[in-house]
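Each chain, letter by letter, is given below.
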Amino acid sequence: MSSSDIFIGETIGTAVLILLGGGVCAAVTLKASKARNAGWLAIAFGWGFAVMTAVYISAPLSGAHLNPAVTLALAIKDDDYSNLATYWGGQLLGAMIGAALVWVTYYGQFLAHLTDREIVGGPGAQATEIKAVEAQETGAGPVLGVFSTGPEIRNIVQNLATEIIGTVVLILAILTQGLNNDGNGLGTLGALITAFVVVSIGLSLGGPTGYAINPARDLGPRIVHALLPLPNKGGSDWSYAWIPVVGPLIGGAIAAGIYNVAFA
């Protein structure tokens, strides 16, 4: 694969991943969305199918890493870091494009949500009413959860450990696919298996932090949230932003180490 193929493939694939994954978060969260309050199951399966779709689209060009933690783990496994920056650049750019497309798709819903006094506060709103889950998070605005993750209980050690553990599960599931079918992997079936692994992580491990398990998935949309001209959007919670970046990278490195010791 050439550097241009890698960059283009990762940009397109990660953009699709965030468009569909962030899209389900917007659908469940925003006022005047037909899917509002559909719940955690919808989010978990929405992200899983987002992964499947993005992998199918981008695999022919870049191998469909779509996640800096995956790229780092594969680099450690193969002891080849030559394309690390190319993959990471495409992933971050794609994540930002995908987040911007979510905003375009749900433009009217964002405006309706962020001008509702019941949600964002203001004259006539109940001061004691919980406006949104995100509003309980220090520094987070009422729609940040559409773009990025945040913890239900803000505990640095627990939050970091949760992201590490979830990422280890994801990366081990990806790396061990290569041990199937006489070392030829699972082919196109691998995208479906990975999708269901993501659903499983979301259902089982996603409750504490929202399971970023992907630095680009969290950082790119958080940057877009900070830049978008959304009324009453609130803060981007930058004090927490390092955890869904560092945690998955540590998890990816640990998973690669486990693979090299136990499976290689």
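Residues numbered from 1 in each chain as written. Predicted model: local features only at pLDDT ≥ 70, side-chain atom pairs only at ≥ 80, totals over all residues. Heavy atoms only, no water.

So, on to the overall build of the chain. A tally of helices and strands in the chain yields eleven helices and zero strands. Taking 18 Å as the expected radius of gyration for a compact globule of 264 residues, we find that the chain reaches 18 Å, a close match to that expectation. Its C-alpha atoms put the chain at 65 × 35 × 30 Å along the principal axes. Going through the 264 residues of the chain one by one, you find that 50% of them count as buried. Taking the intrachain contacts of the chain between residues at least 6 apart in sequence as the baseline, contacts between residues at least 24 apart amount to 76%. In the structure as shown, the chain presents an accessible area of about 11400 Å², 65% of it carried by carbon and sulfur atoms. (Helix = DSSP H or I, 4+ residues; strand = E, 2+ residues; numbered from the N terminus. Rg over C-alpha atoms; globule rule 2.2 N^0.38 Å. Buried < 20%, exposed > 50% of the residue type's maximum accessible area, 1.4 Å probe, protein only. Contact = heavy atoms within 4.5 Å. Areas by Shrake-Rupley, 256 points an atom, 1.4 Å probe, with all protein chains shown as cover.)

Here we come to the side chain of lysine 233. Looking at the element boundaries, lysine 233 is found in the loop between helix H10 (215–227) and helix H11 (243–262). Of the side chains with opposite charge, aspartate 237 lies nearest to the buried lysine 233, which makes no salt bridge, at 14 Å. Among the polar contacts listed, one links the side chain of lysine 233 to the backbone oxygen of leucine 228, at a separation of 2.7 Å. Excluding its chain neighbours within four sequence positions, the residues that come into contact with lysine 233 are Leu114, Gly141, Pro142, His225, Ala226, Leu227 and Leu228. (Lys, Arg positive; Asp, Glu negative; His and termini not counted. Salt bridge = Lys/Arg side-chain N within 4 Å of Asp/Glu carboxyl O. Polar contact = N/O pair within 3.5 Å; in protein donor to acceptor, adjacent residues only side chain to side chain.)

Mapped onto the fold, glutamate 163 is located in helix H8 (residues 156–175). Within the structure, glutamate 163 has its side chain in polar contact with the backbone nitrogen of alanine 212 (distance 3.1 Å). Excluding anything up to four places from it in sequence, glutamate 163 contacts Thr209, Tyr211, Ala212, Ile213, Ile243, Gly247 and Pro248.

Just distances and angles here, no functional claims.
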